[in-house]
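# Notes for the structure review
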Amino acid sequence: MSSSAPSPRSVPTARCYAGVTIALAGLGLSLLSARLVAQELRHVGPGDIAGNRAAYDSMRKRFVAVDRTGQTWELDGAQWLARPAQAPARFDLDVVFAPQLGKSLVAVAPTVIAPLEMWAYDGVAWAQLAASNAPPARSGAMVAWDPARARLVMFGGVEPWFSSMLDETWTFDGAVWVQMGTMSAPPARAYGMMAFDAARQRLVMFGGYTSAQGWLTDTWEWDGVGWQQVVTANAPTGRGQGAMAYDPVRGRCVLYGGLGVSIGSQDELWEYDGVDWTIVPAATGVIGGRLAHAMAFDERIGEVVVIGGHEPSATGGGSALASWSWNGSRWQAHALLAAAPSLRYGASLIAEPGFGSVILYGGGDPSGGLLDETLRWDGHAWVALPGMGLGGRAHAASCTVPQGAWLFGGMGGTQAIQFFGDTWQWDGIAWSQLANVGGPSPRANTELAYDVGRGRAVLFGGYDTTAHGDTWSFDGVAWQQHTVAVAPSPRFGHGLAYDPVGARVLLFGGLDANFQALTDTWSWDGVRWSQVATATVPSGTGYCVMKFDPLRQGIVMLAGMHLGGPTSGWKFDGVDWAPLALGADRPYPYGTQMAVAPGGRGVVASYLGALHQVSVGQAEVVAYGGACGVRAPQLGVRTWPRLGAAFGVECAENDAAAPVVFVGAFAPANVGVGGCTLLVAPGLMAAVRPSNAAGFAELAVPVPTWPGLLGLELYFQAASLRGSAPGGFVMSRGLRVAVGD
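Residues numbered from 1 in each chain as written. Predicted model: local features only at pLDDT ≥ 70, side-chain atom pairs only at ≥ 80, totals over all residues. Heavy atoms only, no water.

It is worth spelling out the overall build of the protein at this point. Tallying secondary structure elements over the protein gives zero helices and 65 strands in all. Expressed as a percentage of the 741 residues in the protein, the buried residues total 58%. Put simply, of all contacts in the protein between residues at least 6 apart along the chain, 54% involve residues at least 24 apart. Of the roughly 26,900 Å² that the protein leaves accessible, carbon and sulfur atoms contribute 56%. (Helix = DSSP H or I, 4+ residues; strand = E, 2+ residues; numbered from the N terminus. Buried < 20%, exposed > 50% of the residue type's maximum accessible area, 1.4 Å probe, protein only. Contact = heavy atoms within 4.5 Å. Areas by Shrake-Rupley, 256 points an atom, 1.4 Å probe, with all protein chains shown as cover.)

This is the structure we're talking about:
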């Protein structure tokens, strides 16, 4: 199958394609000829939610969270949904509910050197807001929405490269930032906690960190004009990187967790009633401690909810989208995606034989600890697998073999770096060490590629205290070193993959002992290395990771330098390299690994515990046209439209228990209907679904697992009956949906 992007297509009418049909709302629709669109790097697995990256959307009755990759997630009360909405992929991000700005949520996106960016989410897509007089770059600022004044309020933060702490107060009205007077401002700080007290109509801020005093323990309130310090009889010990939310049922601010002068701060819950702070002993020892998490009040259940963050333990831990709720007397765990990988680097990602699933082993956590756990991803959910691990390691070499998987080496250590030289086998149930097999010296940042035709795994190079340039192969019984006259220069962090079309192992790039990027291509035929002269030399490389993609019938590579540089994507067709259109640059530092995706549908890569797919067909959801009527319905989809899944067209903002008419077609239109505009071609599909008590209605759209559907475009619109509207109904914007993998 070709992966080249076609010329734009026009679809005057729907046409049959190979007799395949898709059931849409109970109606059979013939599919038109599908064409491939540009490839992209698509986030497919739950990612890391850390910091103030989640908020409760009172308009749509659900939590919205953004992980570090910029993927938007929504918790609808039953499950987390990966929404087709890309937010800024920033390490530091603040998400707040701001309905008075005409959007569900807004996000403050810090930058390294430029002024802050403002983004808004309407339940369908994120869009950057025009914001004049934006504050200079900073991170760790305290941000909250002030509904009494219809302003976003931001205080403090730290300048880039931690040069100095700030004591500035800024407000944002949806268009203009205004710096407020600082005569009564709190001392400069970053990483404190802030929430709006609805009963007293003021913002409450606690704690944070300053380079001069360390972790702070003061309480301040903002009334829209100035700050006033509140001296309380009791207070939490100094801390920051916790979270705080207002509980309107019990009329108090709830503060949980954080990093501070006391280790107990990480698992403490305090409540503030406007006069004093009170610790709640019953809340201790349940969650296990949290820092860098988010908190918000969930109106559906009437409780404060904690989302994401990290456990301050030696093994890191903490599910990416795990959540708990607090009702004033007990914690309630939400068993949603409980096995999702926590934030990690250098984990081993390996496709299991038959490509029905992938496993993720180990890696290092942000605190420097090693993770000794194995998880399995079947394309839909993570499952933690029991049994003995390897003791924990990162940056190991691994490959899929008929017996399961082999893993070699890696690195770890808490006091000093330790390199490993042992060999392990995964049989689908447990890991077992292969004894007396010999092998390379201990090392990390190398790779294994299994030569299917010769039944041997190949390893080249790697790093301990210098770069290596030796060649080894392993047949499951013993390692064999190959002494050859011509070979690639010593290197580490290079890409290595088996090419079944050319019956050879391909090597590209990496870094030399001086950390200089290499850009040469080599092939190994089981006996000798041969340099491959290519017309195109990949650029933007350094650390590389690559695998053979069964869909493209070629090797796919992601490459980029360390410290968050942009990723470049490439495909090798057996003769030359060609760039892949990733859609947007994303940071892929060293330690990322790649595997064939479940079902053999392309390849996936692991980055910080989250999965990304290098798509053959780009899944897209784009709103177009204008809505009709006051409080018009909002149209979106529950998840990315992909092969083998039902994505569901979702319509919000309807009256409760109201009939909602969904119309669908293979082409857009512009036809006047009762004072509104029909934005999809008429006459193909119409289905009626009742809205629920929250005003939501949904139309399930199943997509078969057939690569010929990649690039298929469908157009949707919804109309909701409303007696108060001039024509008796209101209509949504149009929605263009393109099926991807």
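That shown, we press on.
The next subject is the pattern of salt bridges. Tallied over the full model, the rule gives 34 salt bridges. Where Asp-499 meets Arg-504, a salt bridge forms, and the shortest distance between an N and an O atom there is 3.7 Å. A salt bridge links Glu-653 to Arg-631; its shortest N-O distance comes to 4.0 Å. Highlighted residues: Glu-653 in the loop between β56 (649-652) and β57 (659-665) and Arg-631 in the loop between β53 (620-624) and β54 (634-637), separated in sequence by 22 residues. (Salt bridge = Lys/Arg side-chain N within 4 Å of Asp/Glu carboxyl O.)

Taken in spatial order, the four strands of this open sheet run β16-β17-β18-β19, and their pairing is antiparallel. In the strand order of this sheet, the two ends are held by β16 (193-197) and β19 (227-230), each with one partner. Across the sheet, the mean angle separating the axes of adjacent strands is 30 degrees when strand polarity is ignored. Sheet analysis places strand β18 (residues 214-222) next to β19, joined by four bridges and oriented antiparallel. Its bridge partner being in β19, Thr-219 is matched across the sheet by Val-230. (Pairing = 2+ DSSP bridges. Axes fitted to C-alpha atoms, helices over the stretch in contact; angles between N-to-C directions.)

Within strand β38 (residues 447-451), five of the five residues are buried, which leaves the element mostly enclosed by the surrounding structure. A two-sided burial pattern is seen for β38, the buried positions comprising Glu-447, Ala-449 and Asp-451 on one face and Leu-448 and Tyr-450 on the other. Alignment of β38 against strand β39 (residues 456-463), held across five bridges, turns out to be antiparallel. Bridging across to β39, Ala-449 finds its partner in Val-458. The hairpin turn running from β38 into β39, its antiparallel successor, is four residues long, and Gly-455 in that turn takes a positive phi close to 65 degrees.

Attention now goes to the state of the cysteines. A full pass over the atoms with the stated rule returns one disulfide. The residue that forms a disulfide with Cys-628 is Cys-676, at a sulfur-sulfur distance of 1.9 Å. Negative torsions about the S-S bond denote left-handed disulfides, and the value of about -65 degrees found for Cys-628 with Cys-676 makes this one left-handed. Residue Cys-628 is found in the loop between β53 and β54, and its partner Cys-676 is found in strand β59 (residues 676-680); the two are separated by 48 residues along the sequence. Here Cys-628 and Cys-676 have matching classes, each one buried. (Disulfide = S-S within 2.5 Å.)

A few words on unusual backbone geometry. Glycine aside, residues mostly have negative phi, and peptide bonds are mostly found in the trans state. One non-glycine residue, Ala-150, adopts positive backbone phi at about 55 degrees. At Ala-657, a residue that is not glycine, the phi angle is positive and equals roughly 55 degrees. Here Ala-657 is to be found in the loop between β56 and β57.

This part covers the packing of aromatic side chains. Summed over the entire model, instances satisfying the criterion amount to 27 aromatic pairs. Each residue in the set Trp-406, Phe-408, Tyr-450, Phe-474 and Trp-479 is aromatic and connected to the rest through ring pairs, giving one cluster. It is Arg-393 that lies over the ring of Phe-420; its NZ or CZ is 4.3 Å from the centre. (Phe/Tyr/Trp six-rings, centres within 6.5 Å; stacked < 30°, edge-to-face > 60°. Lys NZ or Arg CZ within 6 Å of the ring centre and 35° of its normal.)

Turning our eyes to something else, we now look at the nonpolar core. Residues Leu-635, Phe-647, Val-649, Phe-662 and Phe-716 are the most contacted members of the largest nonpolar core, which totals 28 residues. Contributing elements (two or more residues each) for this core: β54, β56, β57, β60 (685-690), β61 (697-699), β63 (713-721) and β65 (734-738). Once you skip the residues sitting within four places of it in the chain, Val-649 turns out to touch Leu-635, Gly-636, Val-637, Phe-662, Ala-697, Glu-698, Leu-699, Val-701 and Phe-716. Residues Val-254, Leu-269, Ile-287 and Trp-331 belong to the second largest nonpolar core, which totals 16 residues. (Core = buried A, V, L, I, M, F, W, Y, C linked by side-chain atoms within 4.5 Å.)

A word on the side chain of Thr-446. Of note, Thr-446 is situated in the loop between β37 (431-433) and β38. What makes Thr-446 buried here is its relative accessible area of 8%. From its side chain, Thr-446 meets the backbone oxygen of Gly-461 in a polar contact 3.3 Å long. Excluding residues that lie within four positions of it along the chain, Thr-446 makes contacts with Ala-396, Ala-397, Leu-459, Phe-460, Gly-461, Gly-462 and His-494. (Polar contact = N/O pair within 3.5 Å; in protein donor to acceptor, adjacent residues only side chain to side chain.)

Another point: the sheet that holds strand β42 (residues 495-499). Each strand in a sheet pairs with another by means of backbone hydrogen bonds, the pair being arranged parallel or else antiparallel. What the four strands build is an open sheet, ordered β42-β43-β44-β45; its pairing is antiparallel. Each of the sheet's edge strands pairs with one partner strand only, and the pair in question is β42 and β45 (529-532). Strand-to-strand, the axes of this sheet are offset by a mean angle of 25 degrees, without reference to chain direction. Alignment of strand β43 (residues 504-511) against strand β44 (residues 517-524), held across six bridges, turns out to be antiparallel. Of the residues in β44, the one forming a bridge with Gly-510 is Leu-518.

Scored by pLDDT, the protein has a mean of 85; 89% of the residues are at 70 or more. Here residues 1-38 scores under 50 on pLDDT; set against residues more than four positions off or in separate chains, the count is 90 contacts. Taken together, the stretch residues 314-318 has pLDDT below 50 and engages in 14 contacts with residues farther than four places along the chain or on a different chain. (pLDDT = per-residue confidence, 0-100.)

With that settled, the discussion passes to the side chain of Thr-471. Tracing the sequence through the fold places Thr-471 in strand β40 (residues 467-474). The class of Thr-471 is buried, set by a relative accessible area of 2%. Filtering out sequence-adjacent residues up to four positions away, Thr-471 remains in contact with Leu-459, Phe-460, Gln-480, Gln-481, His-482, Trp-524 and Trp-529.

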